[in-house]
Amino acid sequence: MNILFIGAHPDDCEVYGGGTAVLFAKLGHRVKFISLTNGDAGHHVMNGYELVDVRSKESLLAAHILGIAYEIMDNHDGQLVPDLRNRSHIIQRIREWEADIVITHRPNDYHPDHRYTNQLVQDSAYMVMVPNIVPVVAPLRKNPLFLYFQDHFQKPYPFCPDIAISIDETYEHKIRSLDAHRSQFYEWLPWINGTLEQVPENTEARIHWLKKQFTNHPSDKIRKVLAGWYGSESAAKVVHAEAFEVCEYGRKVSDEDIRQLFPMLPQTSV
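Residues numbered from 1 in each chain as written. Predicted model: local features only at pLDDT ≥ 70, side-chain atom pairs only at ≥ 80, totals over all residues. Heavy atoms only, no water.

### Quick word on the pairing of strand S3 (residues 69-72)
Successive residues of a regular strand alternate their side chains across the two faces of the sheet. Judged from the four bridges that link them, strand S2 (residues 30-35) and S3 form a sheet pairing that is parallel. Bridge assignment links phenylalanine 33 to a residue of S3, and that residue is tyrosine 70. Viewed along the sheet, the connection from S2 through helix H2 (residues 48-66) into S3 turns out right-handed. (Pairing = 2+ DSSP bridges. Helix = DSSP H or I, 4+ residues; strand = E, 2+ residues; numbered from the N terminus. Right-handed = clockwise from strand over helix to strand, strands pointing away.)

Written out as C-alpha cells, the structure is:
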C-alpha cells in the first residue's frame, strides 16, 4: 500500500504519526511524509535559507531513521494559504503517490498553517478522482481513506478517535526521529515555551527529556478504542499509542476495510 502523511511543517508528521509510519514501513508498505512549508520561520536565531537548509537536513535524518520518503514543499512557514496553486500541488502528489491512506491535521488548530493544510487536503479529497482537474496527472480510480491526526483542541468538537495503533515496538524510532529535529525540540520550541534552560546537554539525557514530553500514553478514550481493535486484555498492556479520526470525505470504510488498510492491527474481530 501507499501511505501519505501531510503536515504543515517539517516534524509535524513525526510528532503525530511517526510510530505508525514505521509500522507501515516495516511491513513493506511505501510511506511518505510531506511538509507543506519549508519551516523558515521556526527559530529564534536562524532564518531564511540557513534555517531551511538545517531543517531539510534534519528531515532527511528523520526519514532515514523511520525508513520513509520525505518531501518539503517551498512555501514560507507561517504564510501558507489554501489557494488553487497549492491545492493543485496536493492533488498531484496524492495521485503520484497513488495513496491508499492520507493523514493530515484536523480543521481546527492553533496554527494557521495546520488549519490551511487541512483545508487543502480536504479540498483535494474529491478532486483526486476528477480527470479534468490537474489533468497532467491521471486521476485516482479509488479514493484514499482520509484521516486526521490527534490533537487536544475542544471547539467546535474534540478529537474523536476511530483508529488507535499500539506503537510500543516503534516508539524508540519515533523519539529518535524527533531527536533528529534538534533545531526544533532543543532550541526553538523550548525558547518559545520559556524552557530553554531546561534542555539537557547530554545526548541520552535529551532523549529521556523528549520521552517525558512525548509519552503517547493513551487516554481513557483512546484505550477504549484500542480495546475495540486489539481486545481488552491486549489494549490494557499498551504503553504508547497513536490515534486517528476518519474524515467524512474520501473513501468510506468498514471495520474490515480498516483492518486491511492497517495490517498491524489484529486481522480478526476481538
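### Some remarks on the environment of histidine 240
Tracing the sequence through the fold places histidine 240 in the loop between helix H9 (232-236) and strand S7 (241-250). Looking at histidine 240, the relative accessible area reads 12%, which means it is buried. Expressed as a C-alpha distance, the spacing of histidine 240 and threonine 170, which sit 70 residues apart in the sequence, is 9.2 Å. Ignoring sequence-local partners within four residues, the contact set of histidine 240 consists of Ile165, Ser166, Ile167, Asp168, Tyr171, Thr215, Asn216, His217 and Pro218. (Buried < 20%, exposed > 50% of the residue type's maximum accessible area, 1.4 Å probe, protein only. Contact = heavy atoms within 4.5 Å.)

### Section: the packing of helix H3 (residues 84-96) against helix H4 (residues 112-125)
Put simply, H3 and H4 touch, their axes get as near as 9 Å, and they point 60° apart. With respect to each other, H3 and H4 are oriented oblique. Remark: the crossing between H3 and H4 carries right-handed chirality. Only Leu120, Val121, Asp123 and Ser124 of H4 make contact with H3, whose side of the interface consists of Asn86, Arg87, Ile90, Ile91 and Ile94. Across the contact of H3 with H4, the residue classes tally to five nonpolar, two polar and two charged. (Axes fitted to C-alpha atoms, helices over the stretch in contact; angles between N-to-C directions. Parallel < 35°, antiparallel > 145°, perpendicular 65-115°, else oblique. Left-handed = near helix turned anticlockwise from the far one by under 90°. Nonpolar A, V, L, I, M, F, W, Y, C, P; charged D, E, K, R; others polar.)

### Considering the sheet that holds strand S1 (residues 2-7)
As a general point, the strands of a sheet are linked pairwise by backbone hydrogen bonds and lie either parallel or antiparallel. Strand order in the open sheet formed by seven strands is S3-S2-S1-S4-S5-S7-S6, with mixed pairing between adjacent strands. Two strands lie at the open edges of the sheet, namely S3 and strand S6 (163-166), each paired on one side alone. Direction aside, the axes of adjacent strands within the sheet are offset by 25° on average. Sheet topology note: the strand S5 (residues 145-149)/S7 ladder contains four bridges and is antiparallel. The partner of tyrosine 148 across the bridge, within S7, is glutamate 245. In the packing of helix H8 (residues 220-230) onto the sheet, the strands contacted are S6 and S7, and the crossing angle to S6 comes to about 80°.

### Thoughts on the packing of aromatic side chains
In total, this model carries ten aromatic pairs according to the counting rule given. Taking the centre distance of 5.0 Å and the plane angle of 65° together, the rings of phenylalanine 5 and phenylalanine 33 count as edge-to-face. In this pair, phenylalanine 5 sits in strand S1 while phenylalanine 33 sits in strand S2, placing the two residues 28 residues apart along the sequence. Side by side, phenylalanine 5 and phenylalanine 33 carry an identical accessibility label, which is buried. Through pairs of rings, three or more aromatic residues link up here, namely Phe5, Tyr16, Phe33, Tyr70 and Phe149. (Phe/Tyr/Trp six-rings, centres within 6.5 Å; stacked < 30°, edge-to-face > 60°.)

### Considerations on the nonpolar core
Note on soluble globular proteins: their nonpolar side chains tend to be buried together. Phe5, Phe33, Ile165 and Phe262 are the most contacted members of the largest nonpolar core, which totals 49 residues. The greatest single-element share of this core, amounting to six residues, is contributed by helix H1 (residues 12-26). Those residues within four positions of phenylalanine 5 in sequence are excluded, and the remaining contacts are Cys13, Gly17, Ala21, Val31, Lys32, Phe33, Ile34, Ile103 and Phe149. In this structure, Leu80, Ile91, Trp97 and Val121 belong to the second largest nonpolar core, which totals 21 residues. (Core = buried A, V, L, I, M, F, W, Y, C linked by side-chain atoms within 4.5 Å.)

### Side note on unusual backbone geometry
Cis rather than trans, the peptide bond between lysine 155 and proline 156 has omega equal to 5°. Position of proline 156 among the secondary structure elements: in the loop between S5 and S6. Unlike most non-glycine residues, aspartate 11 shows phi in positive territory, near 110°. Within the element layout of this structure, aspartate 11 appears in the loop between S1 and H1.

### Considerations on the pairing of S1
Counting buried residues along S1, six of its six residues qualify, which places the element largely inside the surrounding structure. Along S1, one buried face is formed by Asn2, Leu4 and Ile6 and the opposite face, lined by Ile3, Phe5 and Gly7, is buried too. The parallel pair S1 and S2 is bridged by H1, and the resulting crossover is right-handed. Strand direction decides the pairing type here: S1 and strand S4 (residues 101-104), joined by three bridges, are parallel. The residue of S4 that forms the bridge with phenylalanine 5 is isoleucine 103.

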